[in-house]
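Here is what each chain is made of, one letter per residue.
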Amino acid sequence: GSSLFEEFLSSLGTHTSLALCGDDVFTGGLDRTSRRDGEFALLWGSSLAQCVFFVGTLMPNDAGEQINKKRFIGNSYVKIVYSDSDAPFTLDSLSGQFNLIVVLIRPLPNRYFRVSVLRAPSVPVLGPIEDTAVIPMKSLSLMVRRIVIDSDIAAMIAVSGERNYSSNWHDRLKQIRNMLKRHQA
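This one's a predicted model, so the numbers in the text were calculated from it and none came from an experiment.

So, how was this worked out
- Throughout, a residue's number is its position along its own chain's written sequence, starting from 1.
- Restriction of local features to residues with pLDDT of at least 70 applies here, the model being predicted, together with a cutoff of 80 or more for giving and counting side-chain atom pairs; totals for whole chains, interfaces and linings are based on all residues.
- Excluded from the side-chain calculations are hydrogens and water; all other atoms, namely the structure's heavy atoms, are used.
- By the criteria applied, helices consist of DSSP H or I runs no shorter than four residues and strands consist of E runs no shorter than two, each listed in order from the N terminus.
- Relative accessibility thresholds used throughout: buried, under 20% of the residue-type maximum; exposed, over 50%; partly exposed, between the two (1.4 Å probe, protein chains only).
- Polar contacts here mean pairs of N or O atoms no more than 3.5 Å apart (in protein, one a potential hydrogen donor and the other a potential acceptor; neighbouring residues in sequence count only if both atoms are side-chain atoms).
- In this analysis, two residues are considered to be in contact whenever any of their non-hydrogen atoms come within 4.5 Å of each other.
- A cavity here means a set of 1 Å grid points, computed over protein atoms only, where a 1.4 Å probe fits but cannot escape. A pocket is an open set with protein on both sides within 12 Å along at least 5 of 7 lines, and lining residues have an atom within 4 Å of a point.
- Grid points are joined across faces, edges and corners, and a volume is the space filled by probe spheres set on the points.
- Comment: arc refers to directions from the helix axis out to C-beta atoms.
- Only buried residues count toward a nonpolar core, which is a set of Ala, Val, Leu, Ile, Met, Phe, Trp, Tyr and Cys residues joined through side-chain atoms within 4.5 Å.
- A strand pair is defined by DSSP finding two or more bridges across the two strands.
- In this description, a line fitted to the C-alpha atoms serves as the axis of each element, helices being fitted only across the stretch in contact, and the angle between N-to-C directions of two axes falls anywhere from 0 to 180 degrees.

### A word on the side chain of Ser116
Step number 1: Topologically, Ser116 is positioned in strand E6 (residues 112-119).
Step number 2: Accessibility expressed as a relative area gives 9% for Ser116, which makes it buried.
Step number 3: Reaching out from Ser116, the side chain makes a polar contact with the side chain of Thr132 at a distance of 3.1 Å.
Step number 4: With residues up to four places along the chain from it excluded, the contact list for Ser116 reads Val102, Val103, Leu104, Asp131 and Thr132.

### Focus on the environment of Arg106
Step number 1: Within the secondary structure, Arg106 is located in strand E5 (residues 101-108).
Step number 2: A relative accessible area of 15% means that Arg106 is categorised as buried.
Step number 3: Residues Arg106 and Ala133, 27 residues apart in the sequence, show an inter-C-alpha distance of 11 Å.
Step number 4: Not counting residues up to four positions away in its chain, the partners in contact with Arg106 are Ser83, Ser85, Asp86, Ala87, Pro88, Phe89, Tyr112, Phe113 and Arg114.
Step number 5: A polar contact is formed between the side chain of Arg106 and the backbone oxygen of Ser85, at a distance of 2.8 Å.
Step number 6: A distance of 2.4 Å separates a polar atom in the side chain of Arg106 from the backbone oxygen of Ala87.

### Overview of the layout of surface pockets
Step number 1: Roughly 1,500 Å³ of volume is contained in the largest pocket.
Step number 2: In terms of lining, the largest pocket is formed by 45 residues, of which the most central are Val52, Phe53, Ser76, Val78 and Val148.
Step number 3: Every element with two or more residues in the lining of the largest pocket is listed here: helix H1 (3-12), strand E3 (50-53), helix H2 (67-74), strand E4 (78-82), helix H3 (137-160) and helix H4 (168-184).

### Quick notes on H1
Step number 1: Every buried residue of H1 is listed here: Phe5, Phe8, Leu9 and Leu12. All buried residues of H1 lie within an arc of 100 degrees about the axis, which places them on one face of the element.
Step number 2: On its buried side, H1 packs onto strand E1 (14-17), strand E2 (40-45), E3, E4, E5 and H3.

### Description of the nonpolar core
Step number 1: Of all hydrophobic cores here, the largest spans 34 residues; its most connected members are Phe8, Ile101, Ile105, Val115 and Leu140.
Step number 2: Secondary structure elements with two or more residues in this core: H1, E3, E4, E5, E6 and H3.
Step number 3: The element that contributes the greatest number of residues to this core is H3, accounting for seven residues.
Step number 4: Val115 has contacts with Val103, Leu104, Ile105, Ile129, Asp131, Thr132, Ala133, Ile135, Leu140 and Ile147, leaving out every residue within four places of it along the chain.
Step number 5: With eight residues, the next largest nonpolar core counts Leu18, Cys21, Leu43 and Val52 among its residues.

### Looking at unusual backbone geometry
Step number 1: The backbone phi angle of Arg35 is positive, close to 65 degrees, even though this residue is not glycine.
Step number 2: With respect to the helices and strands, Arg35 occurs in the loop between E1 and E2.

### Notes on the sheet that holds E3
Step number 1: Taken together, three strands build an open sheet; the order of strands is E1-E2-E3 and the sheet is antiparallel. Lying at the two open borders of the sheet, with one neighbouring strand each, are E1 and E3. Recorded for the sheet is a direction-independent mean angle of 40 degrees between the axes of neighbouring strands.
Step number 2: Sheet topology note: the E2/E3 ladder contains four bridges and is antiparallel.

### Some words on H2
Step number 1: Looking only at H2, the buried set comprises Asn68, Lys69 and Phe72. Projected onto a plane normal to the axis of H2, the buried residues spread over an arc of 95 degrees and lie on a single side.

Written out as structure tokens, the structure is:
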């Protein structure tokens, strides 16, 4: 990819050897031992979340249909597409049944980027960008991670069919409050 693409990837997460990942590291099912899914993965984590970004350029190029790439990237509800092209892009530009959300990133002059969030009609708007925003490089990775995490939640809402989605954190808070009420009574 272009030097801006590589810079974006490096700011989005850490290139990490899959073979050195312990059981405490979320790798999203990437094989850690055989290099079947590549030698490195792009990982990011905080005290609250861990993300693995399935990056096609980090995965081996198999002869034929690229089955391993499709297995991970194609089965993800949320996809990041970095494009140096101005060619039209829609959710239908990618094949597969799991194309619920695409975060489309296009470089602009002076280290700015147009970030567009494309959603299937069933997916609710959730996150800092409803449609499109222009973001400087220094904020791009932070914004994209936020969009991806929020979009993953929105995709789970759409897939579950629940209108009143409650995250694990919210469910846990409800349970703690109920326990407090019982013990205070």
